Amino acid sequence: MTARTVPPLRETGECEMNAATTGLAAGMALGFAGYFGGFWAFLLVLVLGAAGLVVGLVVQGDLDLRTRRQR
């Protein structure tokens, strides 16, 4: 066995969230909203989650909402 060169995430205080974990959390939130709140709560959580995703991508710099016109 070789020694780890990268310190564990818990020791550095950092945490990474991959797409599967994010999808799982979103699916569970939508499931709880649908079960306990009904269809309209499901839609509300879905819309607000999508809006949060867009805001997060803009803040992170992965999405640019400025329009550029071609001349």
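Structure first, text after, so check above.
The paragraphs below set out a description of the structure included in this document. (Residues numbered from 1 in each chain as written. Predicted model: local features only at pLDDT ≥ 70, side-chain atom pairs only at ≥ 80, totals over all residues. Heavy atoms only, no water.)

For the rest of this paragraph, the subject is the packing of helix H2 (residues 19-37) against helix H3 (residues 39-60). One way to put it is that H2 packs onto H3 with a least axis distance of 6 Å and a crossing angle of 155°. In terms of orientation, H2 lies roughly antiparallel with respect to H3. Of the two elements, H2 crosses H3, and the hand of that crossing is right-handed. Residues Ala29, Leu30, Ala33, Gly34 and Gly37 of H2 form the contact with H3, whose own contacting residues are Phe39, Ala41, Phe42, Val45 and Leu46. Across the contact of H2 with H3, the residue classes tally to 8 nonpolar, 2 polar and no charged. (Axes fitted to C-alpha atoms, helices over the stretch in contact; angles between N-to-C directions. Helix = DSSP H or I, 4+ residues; strand = E, 2+ residues; numbered from the N terminus. Parallel < 35°, antiparallel > 145°, perpendicular 65-115°, else oblique. Left-handed = near helix turned anticlockwise from the far one by under 90°. Contact = heavy atoms within 4.5 Å. Nonpolar A, V, L, I, M, F, W, Y, C, P; charged D, E, K, R; others polar.)

Right, let's get into the packing of aromatic side chains. A full pass over the atoms with the stated rule returns 3 aromatic pairs. When the ring of Tyr35 is compared with that of Phe36, the centres are 4.9 Å apart and the planes differ by 90°; the resulting orientation is edge-to-face. Taken individually, Tyr35 and Phe36 each receive the classification exposed, so the pair is uniform in this respect. Summarising the aromatic geometry, the rings of Phe39 and Trp40 are spaced 5.4 Å apart at their centres and angled 70° between planes, so their arrangement reads as edge-to-face. An aromatic cluster is built from Phe32, Tyr35 and Phe36, whose rings are joined through pairwise contacts. (Phe/Tyr/Trp six-rings, centres within 6.5 Å; stacked < 30°, edge-to-face > 60°. Buried < 20%, exposed > 50% of the residue type's maximum accessible area, 1.4 Å probe, protein only.)

Bringing the pattern of salt bridges into the picture now. Enumeration according to the criterion identifies 1 salt bridge in this entry. A salt bridge links Asp64 to Arg66, with the nearest nitrogen and oxygen atoms 3.0 Å apart. You can call Asp64 partly exposed: its relative accessible area is 39%. (Salt bridge = Lys/Arg side-chain N within 4 Å of Asp/Glu carboxyl O.)

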